Structure formats: C-alpha cells, structure tokens
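# Remarks on the overall topology
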Amino acid sequence: MSNFTLVDPKGWDCDLQSVYSAYMGYFQLHNVAWFERSWGVFFESFEEFLTFSWPAITVTDTWTGRAHIVVRMSSVGAFLKMLKTRFGETLPIVENILRITPFEASQRHLRTISDYAQYRKVFSTLPAVVLSAQKVRVRNGEPKAIHELWASRDKTFLALDFEWSERNSASCIEWGYAAVRCGHLDTAGAWPPDPEPNYRRGHYIVAEYVDKVHNKLRPSFPWAYAFGESQVIPKAKLAQMIQAIISSLISPDSETIPNTLVLVAHGTTGDLRRLEEMKIKLPHNLLILDTMAFERHLYTTGQRGAMQESPGKPREQGSTLSLTALLQSLGVDVQRVLHNAGNAAFMTLLGLQMLLDPDTRVPAPRAPNGVPAMLRGPNRSPSMPPSIAFMPPPSVFAGSQMGLVRGASPVLFPGSAAPDTFVDPMAGNRMSYFPSHRSISDHRLTPPAGSFSGRMPGRPRVSSTNDVNEMGERLAAINLKNQTIAAVTPPHSR
C-alpha cells in the first residue's frame, strides 16, 4: 500500500506540464540542439520528461479557478542539478514557466508522478478539484465566481426561506421559495430575467399552526404574501412538497460537474440546518450562494462604493447587511413584510439579481387585494388563504443608514408596538395588521403617550367590522351638521 502524504499547498506554484513546455520554448528561442545532447533523452517527449519522478499536488488558481498539477520550484532545481551531475551541463531556470497562486489553504495529497499513466490518472481528477473549489468560492461569496455563474446563463437560482416557531424550534410554520431558470429564459430569448413574470415562486403555510402560532420576538406574518396566493399545507406533507420542488429544478449528481441548481439564501446556516432536519435530499454537486457573504465581499473589494452606517460614520470593513438593509442600499423601497417566508425568498432572489445586474426592473407594488381576508378571526376557515398585495407605506426613517434612501424604513408598526397588540388575549381574535384599520373604540382603549408598558388592553366588545360601521356614523353626523349650518347661515355673510 502506497504512503498517503499530505502537504501544505503554499509554495507549490509551478504547473508541471508548463515546465516541460517552457524548456522546449527556450531551446527553440536560443537555437539549442537539445536532440544532439546526451541529456536530450529527457526532452524527447513529455512522457520521458516525467521519468524524473516529480512530486506533485493538484490545486486551483486563485484568479482563474482552473485546476493544475503543480510542483515546487525546488523540484525544478533538483531536476537541473541532476542534469549537471549526470551529464555535466548546466541549464538555466527559464522565466516563462506558468506560475499560479493556489486557492486551497488546506493540506493536499502528495503524489509522485514518474510516467504518463500516473499523470493521466491524476489529470482525470482535475474536474473534481475544480468543482470542490468552486463550491467553496461560491459559498464564500467570491464575486468573480458568482458573476461567472450568472454570465453562464445556464443555472437555476433557487432562493428559499423558513419561518419557525419561537417556542418550538422543531415546528415550521411557513416556507417560501422563488426561482429563476436562466437556461430556460435564455433559450426563450427572455434575458435578462424580469422578476415579476419570470420568477417561479410559492408560499406555504402549515395548516396545524395557521392562526394558532404567533412569534412575538420576531413576529411573522403568514397572510402577508405579496407575490401570489398562499397555500395551506398539512405539516406531514411540507417536506414532500419541498423535495418535489427542488427535484423539479436539479440536474443529476456528479463528482466532476456542478449542478445546474444554485441554492440561494441570505445567511445560509439556518436554512441548510432546517433542510437537513426535514431530511431533504440535496445533491453533492449543489452550489450554495449566500447573498450576505456576496454583498460583504463586494463592499470589501470596493465594488459597492462608499457606504455609511449612520451620518458621518463610514461602514466598517467586513460588516454584513440584513436583507432589509441590503434592499435599501440597492434603492428598493421595501413596502412588503419580510418576516413572511414567501416575501423573504422573493426579495432575496431580487437582491441577488440586482447585485449582479443593477438595471434589474423592480416589481411595482400591487393594489391591495387581501385586506378583507386579513380582518377575519381564527373561527373562520383558513382553507382559502389570501394574498397580501403590499404593506402600508413605512414610517419615515429616523436617520439615514447605509447611505440609503430616506423613507424606506422596514418599521411597519408605530413605536415599539408588536403585531400582537391587535390581538384579543382572551378570544385570540386577529383583527388587523394595519394600525390604520383600528376602529374608534381601539383609539379609546389606547393609553396616553408615555404610559404604555406591556400589552395593550384587548377589545372584547369590538368586532373587526366596527371601524366600518363607526366611520359611516361619523360621516353621516358630519354631513347632517354641515346641512344644519348651511340652513341657518344668512346669505353673503362673512
């Protein structure tokens, strides 16, 4: 059994075949009749050149991403020393040897190549070396690698997001996805993709938790999906649905070729852990792209320009942006709830495309068409889930952050009031997500400014339709008052 030796790739920077090619070029340039020399036997072919027994490893170049079989420059010096010792003639170290910078930092398998059969065997492993390095590059957010993926126009980018219960980390309450099939769109002549018509997307709410489980620390909004109709699905069928959607987009697994599917998330650790817990099968050649890491690398390398965390304070190197801050830095007016799995997945994919193609068309907010459905209580059947077209205009930003557009704050509720402020603690009725939809009775129950602490009082005697009835009564009273004043006012009075 041959010895298995690992070596540090630092210093292994000479492409083995280029060493032989460089000396053949040197002989041609300087009219060296190598074929008449006693040492010329080592240059009759590349196979003869390998008989020196070259210690070699496989690495990829940091810039090009191409794989190489490389040796150390000290091995080239040992070869020249052998020629001088055995044949009494000295050859110089030529300058046109291909020198690379190894991308890999971990130890590599050392092999000794002494014939062409061994070289061919090692050469056949290079595609796997490229794939392994490409997976690391893309996941680390290397801009060049990700731009090449997008420019190839043959990948499918799938963004996904989960919403989980705060009380029970094993309970998934929502899942959403958005995908763009670049190969399909390019073949159909629809390049670059237009997010609104070209993104395949979906949003699923787990039936067992709908209108029953509400997160408070990080509130979730299952009925606020802005890009289609939400679907209610049994908990037992969610993993099956996710697996089917992923299977419809992937290509076969391979040890040498990257998958056509690229998994996208803003911070991938949590989503990957959830997929593993749900036993979702992913191919080994799958590329995983973290938009948070991608944006950080773009900023670190100066490709995003100057940015500010707050007025007068430049953004620190190596800092990351939340999804909301990323979208705002791209000039997107975030008028959608991002703590909805479907919205988060769609906006993650949109953010990625805008980082790659700044001219991407941002979908315009739709007219509200799901507000009535949001006013229903839990006693109504959730079998027909609504879609929320858009959220109300956000509050004005207290201070400009990240050099972004003022007025694009993701804050959707006044002050620090949470969405459960509008929930009856006794009956559990979910009345409205929008403060503007609160009735007159709600305002009477609101404590004075500065005296609020904890949850607001419930509304046991106010239904979700009181705001409409009371508004009608107020308008009728105002109209009657105006008519009365007009009847008693003398003409031409001042």
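Notes on the structure in this doc start here.

Our focus in this paragraph is the overall build of the protein. The secondary structure content of the protein amounts to 16 helices and 13 strands. Burial analysis of the protein (494 residues in total) assigns 47% to the buried set.

Under the 1.5 Å per step criterion, the end-to-end length of helix 13 (residues 341-356) is 23 Å for 16 residues, consistent within 8% with the ideal 22 Å. With 16 of its 16 residues buried, helix 13 lies for the most part within the structure.

Below, the discussion takes up the packing of helix 5 (residues 126-140) against helix 6 (residues 143-152). For any two helices packed against each other, one specifies the crossing angle of their axes together with the interaxial distance. Contact geometry for helix 5 and helix 6: axes closest at 8 Å, N-to-C directions at 105°. The angle between helix 5 and helix 6 falls in the class roughly perpendicular. Facing Gln134, Arg137 and Val138 of helix 5, the residues of helix 6 in contact are Ala145, Ile146 and Leu149. Considered class by class, the residues forming the contact of helix 5 with helix 6 number four nonpolar, one polar and one charged.

Moving on, we come to the pairing of strand 10 (residues 261-265). Counting buried residues in strand 10 gives five out of five residues, a clear majority hidden from the surface. Side-chain alternation along strand 10 places Leu261, Leu263 and Ala265 on one buried face and Val262 and Val264 on a second face that is also buried. In the sheet, strand 6 (residues 156-164) pairs with strand 10 via four bridges, with the strands oriented parallel. From the neighbouring strand, leucine 158 faces strand 10, where its bridge partner is leucine 263. Where strand 10 lies against strand 11 (residues 287-290), four bridges are found, and the strand directions are parallel. For valine 262, the partnering residue across the bridge sits in strand 11 and is leucine 287. Tracing the backbone out of strand 10, into helix 10 (residues 268-277) and back to the parallel element strand 11 gives a crossover that is right-handed.

Moving on, we get to the environment of valine 180. With respect to the helices and strands, valine 180 occurs in strand 7 (residues 172-181). Distance in space between the C-alpha atoms of valine 180 and leucine 350 is 9.9 Å, their sequence separation being 170 residues. Aside from chain neighbours lying at most four places away, what touches valine 180 is Lys155, Thr156, Phe157, Leu185, Pro193, Asn198, Tyr199 and Leu349.

Take helix 11 (residues 291-300) next. All buried positions along helix 11 are accounted for by Thr291, Ala293, Phe294, Glu295, Leu298 and Tyr299. Tucked into the core, helix 11 has its buried residues touching helix 5, helix 6, strand 10, strand 11, helix 12 (323-329) and helix 13. At the N-terminal end of helix 11, a side-chain oxygen is found 2.9 Å from the backbone nitrogen of methionine 292, two or three residues along, and the residue is aspartate 290. Positive phi shows up at glycine 302, right after helix 11, with a value of about 80°.

The next thing to look at is the sheet that holds strand 4 (residues 67-72). Strand order across the open sheet formed by five strands is 1-5-3-4-2, with antiparallel pairing between neighbours. Only two strands of the sheet have a single partner each, and these edge strands are strand 1 (5-7) and strand 2 (12-15). Here the strands of the sheet are splayed against their neighbours by 55° on average, with no regard to which way each runs. The sheet contact formed by strand 3 (residues 54-60) and strand 4 spans four bridges and is antiparallel.

With that settled, the discussion passes to empty space enclosed by the protein. For the structure shown, the criterion picks out five cavities of 30 Å³ or more. In this model, the second largest cavity occupies a volume close to 60 Å³. Ile173, Glu174, Ile205, Tyr209, Val210, Asp211, Val213, His214, Ser220 and Pro222 together form the lining of the second largest cavity. In the lining of the second largest cavity, the residues fall into six nonpolar, two polar and two charged.

Reading the values: the criteria
- Residues numbered from 1 in each chain as written.
- Predicted model: local features only at pLDDT ≥ 70, side-chain atom pairs only at ≥ 80, totals over all residues.
- Heavy atoms only, no water.
- Helix = DSSP H or I, 4+ residues; strand = E, 2+ residues; numbered from the N terminus.
- Buried < 20%, exposed > 50% of the residue type's maximum accessible area, 1.4 Å probe, protein only.
- Expected span 1.5 Å × (residues − 1).
- Axes fitted to C-alpha atoms, helices over the stretch in contact; angles between N-to-C directions.
- Parallel < 35°, antiparallel > 145°, perpendicular 65-115°, else oblique.
- Contact = heavy atoms within 4.5 Å.
- Nonpolar A, V, L, I, M, F, W, Y, C, P; charged D, E, K, R; others polar.
- Pairing = 2+ DSSP bridges.
- Right-handed = clockwise from strand over helix to strand, strands pointing away.
- Polar contact = N/O pair within 3.5 Å; in protein donor to acceptor, adjacent residues only side chain to side chain.
- 1 Å grid on protein atoms, 1.4 Å probe; cavity = no way out; pocket = protein on both sides within 12 Å on 5 of 7 lines; lining within 4 Å.
- Points joined across faces, edges and corners; volume = space filled by probe spheres on them.

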